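Here is what each chain is made of, one letter per residue.
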Amino acid sequence: HSLTSAAAVWHRAHVVVAPHGAALANIIFVQPGTLVVELGYYSAASSTRPYASTVEGLGMPWPAPYYWAAAASAEATLFASMAIGSYSGPMTANLEDVATLMADQIAPRLRRRPDLTGRHLRPPWVTAVCPPARDGVVPA
């Protein structure tokens, strides 16, 4: 993709959910009012401490001030959900946390936006509510 096409995609988005990484620098292209969810990470320290403290050097520095600053300069709102993983490897998101964040923070803000219609918030082909995930798996 070219920089122009990437900028266009980010500019059209109302909500962005993305893992922590360089691609989040594209926040500078979003429209004011865009809602961004950054999936940060903690390293798995042990089975008894699944979310290790960054103070102990076991995860990413949090909050990552550059993405908060980029979101603020674009008049976007940045939220965060922490996963277990690493910068160069896979991350396992806490789906309950992400779902709660979407229900409690993202959805109410979208409903208040006068520029969005019912078509944006619920496409016409969607007739059923998505069932909640169980053990990280959405039922078919």
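Residues numbered from 1 in each chain as written. Predicted model: local features only at pLDDT ≥ 70, side-chain atom pairs only at ≥ 80, totals over all residues. Heavy atoms only, no water.

So, on to the overall build of the protein. Check the secondary structure of the protein and you find four helices and four strands. Listing each helix as α and each strand as β along the protein from the N terminus yields α-β-β-α-β-β-α-α. Burial status across the protein gives 29% buried among its 140 residues. Within the protein, contacts between residues separated by at least 24 positions form 49% of all contacts whose residues are at least 6 apart in sequence. A total accessible area of about 8800 Å² is found for the protein, and carbon and sulfur atoms account for 61% of it. (Helix = DSSP H or I, 4+ residues; strand = E, 2+ residues; numbered from the N terminus. Buried < 20%, exposed > 50% of the residue type's maximum accessible area, 1.4 Å probe, protein only. Contact = heavy atoms within 4.5 Å. Areas by Shrake-Rupley, 256 points an atom, 1.4 Å probe, with all protein chains shown as cover.)

Let us now look at the nonpolar core. Of all hydrophobic cores here, the largest spans 14 residues; its most connected members are Trp10, Val16, Leu24, Ile27, Val30, Val36 and Leu78. Of all the secondary structure elements, the ones that give two or more residues to this core are β1 (15-19) and α2 (65-73). Top contributing element to this core by residue count: α2, with three residues. When near neighbours in sequence (up to four residues on either side) are disregarded, valine 30 contacts Trp10, His11, Ala74 and Ala76. (Core = buried A, V, L, I, M, F, W, Y, C linked by side-chain atoms within 4.5 Å.)

Going through the model one piece at a time under the given rule, you end up with one aromatic pair. Taking the centre distance of 4.8 Å and the plane angle of 75° together, the rings of tyrosine 66 and tyrosine 67 count as edge-to-face. The exposure class of tyrosine 67 is buried, given its relative accessible area of 8%. (Phe/Tyr/Trp six-rings, centres within 6.5 Å; stacked < 30°, edge-to-face > 60°.)

Here the focus is the pairing of β1. Of the two faces of β1, only one is covered, namely that formed by Val16 and Ala18; the face formed by Val15, Val17 and Pro19 stays uncovered. Sheet topology note: the β1/strand β2 (residues 35-42) ladder contains five bridges and is parallel. Paired with alanine 18 across the strands is glutamate 38, a residue of β2. (Pairing = 2+ DSSP bridges.)

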